[in-house]
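Chain residues, written in single-letter form:
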Amino acid sequence: MRPAARSGTERGADPMDALNALVALANFVLIPAMAYGSQLALGALGVTLIYGILRFSNFAHGDTMAIGTMITILVTWGLQALGVSLSPLPTALLAIPFGIAGTALLVLGTDRLIYRFYREQKAKPVILVIVSMGVMFIYNGLTRFVIGPNDQDFDDGTRFLISARDFKAMTGLDEGLALKSTQAITVVTAVIVVALLFWFLNRTRTGKSMRAYSDNEDLALLSGINPERVVTVTWIIVSALAVVAGTLYGLDKSFKPFTYFQLLLPIFASAIVGGLGSPLGAIAGGFIIAFSEVGITYAWKKVATYLLPEALEPSGLVQLMSTDYKFAVSFVILIIVLLFRPTGLFKGKSV
Amino acid sequence: MRTLGLFALVAALIIATGVLQSWNSALIILNMGLVSAIMALGVNLQWGLAGLFNVGVMGFVALGGLAVVLTSVAPVPEAWAAGGWRVLAALALGLVAIVLSVVAWKRLPRGRRGLAVALIAVGGFFLYRAVLDPGVDAVEAVNPAATGFLGGLGLPVLLAWPVGGLLAAGVAWVIGKTALGLRSDYLAIATLGIAEIIIAVMKNEDWLARGVKNVIGLPRPVPYEVDLQASSSFVETAGSLGLDATTASTLYVKLGYSVLFTVVLVVLLVLAQLALNSPWGRMMRAIRDNEEAAEAMGKDVTARHLQIFILGSALCGIAGAMMTTLDGQLTPSSYQPLRYTFLVWVMVIVGGSGNNLGAVLGGFLIWFLWVQVEPIGQWVMGIVTSGMADGSAIKAHLLDSVQHMRLLTMGVILLLVLRFAPRGLLPER
C-alpha cells in the first residue's frame, strides 16, 4: 500500500522519497542493528577476554548472561516492591550493580571449585571447554529453577524516546522513526562500558598486567605478575560485561533463558570474526554480525519502493532470507572469515 | 568384570523400573536407551577415537528424522505436479552455483577471482530464489491443512535408517571439508551453528517436511496396537499369559522396537569394536595422541579426521531416524540442543571416552537418570517441603521447579566425573 499523501506527486523525482527511504532504513535496520550490535559486542568482549586470559572458549557465557540478568530482574522486582524507581529510566539500571556483584560471586565460586583445578593441571583447552559445558548445564538449570523457563518483561521505563507518530508530526514525512528508549540506553551504556574497559586495560596497572598475561604468559609470570589475581580480575570484568549485555538485551527484547543460550552462536561468531582474544575485534565483530543479520533478514520492499521508479517497483518483499534464518547469517559470515582469514579480522591468537 | 557389573547394574535399574513403576515405562526407557547408546557410539568415534569436538549432534539426529519422512511417507502427486520439479530444479541450480564458485576460486588467477566468485555466488542466489519461490508457494498451497509438502518416496520405513545415516554423512562431509583442519574450538562453533541451521530449515521449509506443522502418523515397522487387540489369536495368547489385551499389545509393540534396535546396536557395536582394534583404529588413536608425529609418519591427518567425522555423524543420523520411527512423528520444534547434543556428550564422558562399551553404558545410564531424575526430584522435594505450610508460594514454586532439576543434575554428574574419574566409568584400555 502506497501512503495516501504521496498520490499525485511524480514518483521517483520527489526529494522527499529519498528522505523517506532513509528514515525507513534507519527505523527498521540501522537503529535496531545498532542496539543489537552493542549487545553482541558486550557479550563477545566477555568471551574474548576469557579466551585471552584463561585460554578456552567458554560455552557457559550465554547462561552466565542469563543468570546475571535473572539476578538483576529479581533485584528489580525487589526495588519495585520497595517503591524505588528511576522513572523515566527502567528500574533495572539501578539493579545492575547488584546483578554484577551476585554474578561475580557465583562465577568466582565456580572458578575456585571447578576451573582452578584444571588450570593447575594445565589441562588441554578442549577439556576446559567440556568443563564449561557442565557449568552451562548447571547455570541453565539454576536459572530455570529459580525464575522458570518463560518470558519475563521487566522494563518499566518510558517506552519511546521518539515515537513514530511524533516523528511524523514533527517532520511531515510519511515514514515514522521510532526510537525506543531501551535502544538509546543500550547504545549509551555500551559506549560507557567499553570506554571504561579500554581505559582499564590500557591505563591501569592491573589492566596492563592482564594484557601482558594474555600476550605472553611466561614472560608475564617472570616479571612477577600474580596469575591468580589476573584470573580473578578477569572473571569480575567478565561478569560485569555479561550482566550488562544480558540486562540490555532483556530490556530491549525480553528475558527468556533459552534465548540467552541461543545467543551463544552470534556472540561466538562476533568474537571469532573479530579475532578471538582481541577486544577491539570483538566490538567490530559484534556490529558486523548484527548489521548483516538485520540487513539480510529485513524486507527491503519499503525502502525500494521509495527509491526505485514505479516500473521497477518490486512485487515481493525483497527479503533475502526469512528472519528464522538469522543464525544462518552469523554462521555464513563466520565460515567465510574462518576460510579466508582464520585468525579473524583483528589478528586474534590461536592455540 | 567391571564392564559386566556395570551393565548388570543398568539392567537391574531398568528391571526395577518395570517392577516398581510399570513394564511399559521400563520398555520406553530401554528403547530410548538403545537409541541413545547409538548416538553415544557415534560421538565416541569422533571424540574418543579422534579427538574431534562435535557439538552439532542435534543437527545430525534431526537429519535422521527428516530421512524417515523423505523415505517412508507416501508422495503427494498433486504437490509434485504443482511445483515439485521446479523446487528440485532450484536446488540443483543452487548446487551448480556453489560448485561453480568453488571451481572459479580454485582455477582463476589471484586478483580477479574474488570479484568473479562474489558475482557467481550473488547471481546464483538470486536466480535460485527466483526459481525456488514460486515452486515453494505452489507446493505449500496444495491442501495445506493435511499435506502442503512434497511427501516422501513411500518406501519401507526400515530403509529410512540407513538413509538417515547417509543424509547425515553428506552434511558431515560438507562441514568437515570446511571446518576440519582448523582449530578444535572452531569445529565446535561450526557444528553448533550448522545444527541450529538444520533445525531452522526443518522448521521453516514447509514444502520439505511440513515445518512446525509436523508430520504425524509415520509408517511403523511393527504392528499397530489396535490391530493386535482385534486379532483373536493375540488376545488368546495374552490371556494365557495373564495379561489383558490392551497392556499386552502395548508391550508387544514396544518389545518389537526393542528387538529391532538391539539388532542395530549390536551390529554397530561389533563394527565399532572391530574398527577400534584394527590397524585403522590404532592409526586414529595415534593421530589423536600426537598429530605431528602421525603426520611425520606419513598419515594424512585431515583426510582421516574427515573420514571419522563422517562415520560418527552417520551413526547419529541412524539413531535419529530410529528415534523418529519410534515416536511415529517428526516434530522439528522438539529438537533442543541441551537434550540432543549436550546430553549425548554427558553420556560419552560419563561412560568413558575412547571405549565403545563405555559409550553404550553411558547411553543407557544417563538416559535412565534423565528420565528418572524428575520422579526422584519430586520425591526429594516432597520431603524438603513437607515442613512448609500448605499453599505457601515458596512450596508451590519449589514443587513446580522440580522439572528443571534434570539439567542441574546432569551438569553436576558431568563435572563430578570429569574431576574424579576423568577417564569415565569404563576407561579406555
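Cut-offs and rules
Residues numbered from 1 in each chain as written. Chains lettered and ligands numbered in written order. Predicted model: local features only at pLDDT ≥ 70, side-chain atom pairs only at ≥ 80, totals over all residues. Heavy atoms only, no water. UniProt positions renumbered as here; feature names shortened; annotations may be inferred. Helix = DSSP H or I, 4+ residues; strand = E, 2+ residues; numbered from the N terminus. Buried < 20%, exposed > 50% of the residue type's maximum accessible area, 1.4 Å probe, protein only. Phe/Tyr/Trp six-rings, centres within 6.5 Å; stacked < 30°, edge-to-face > 60°. Lys NZ or Arg CZ within 6 Å of the ring centre and 35° of its normal.

As annotated in an unreviewed UniProt entry, chain B is Amino acid/amide ABC transporter membrane protein 2, HAAT family (TC 3.A.1.4.-) from Salipiger thiooxidans. Listed in UniProt under the heading Subcellular location (unreviewed entry), the comment for chain B reads: "Cell membrane".

An unreviewed UniProt entry lists chain A under the name Amino acid/amide ABC transporter membrane protein 1, HAAT family (TC 3.A.1.4.-), with Salipiger thiooxidans given as the organism. According to UniProt, the comment filed for chain A under the heading Sequence similarities (unreviewed entry) is "Belongs to the binding-protein-dependent transport system permease family. LivHM subfamily." Turning to chain A, the UniProt record has this under Subcellular location (unreviewed entry): "Cell membrane".

The next thing to look at is the environment of Arg110 of chain B. Residue and element names in this part refer to chain B. Tracing the backbone shows Arg110 in the loop between α4 (77-107) and α5 (113-141). Under the relative-accessibility criterion, Arg110 is labelled exposed at 71%. C-alpha separation for the pair Arg110 and Thr262, spaced 152 residues apart in sequence, amounts to 55 Å.

What follows is about the packing of aromatic side chains. Taken as a whole and assessed by the stated rule, the structure comprises 23 aromatic pairs over all chains. A centroid spacing of 5.8 Å and a plane angle of 15° characterise the contact between Phe28 of chain A and Tyr298 of chain A, whose relative ring orientation is stacked. Of this pair, Phe28 of chain A sits in helix α1 (residues 15-53) while Tyr298 of chain A sits in the loop between α12 (279-297) and α13 (301-307), and the two are 270 residues apart along the sequence. Look at Phe28 of chain A and you get partly exposed, because its relative accessible area is 36%. Between Tyr257 of chain B and Phe261 of chain B, the ring centres sit 5.8 Å apart and the planes meet at 45°, which makes this aromatic pair tilted. Taken together, the residues span about one helical turn, with Tyr257 of chain B and Phe261 of chain B both in helix α11 (residues 245-277) at a distance of four residues. Take Phe261 of chain B: its relative accessible area is 0%, and that puts it in the buried class. Taken together, the aromatic side chains of Phe59, Phe258, Phe261 and Phe268 of chain A together with Trp47, Phe53, Phe342 and Trp345 of chain B make up a single cluster linked through ring pairs. Taking NZ or CZ as reference, Arg113 of chain B lies 3.8 Å from the ring centre of Trp105 of chain B, over its face.

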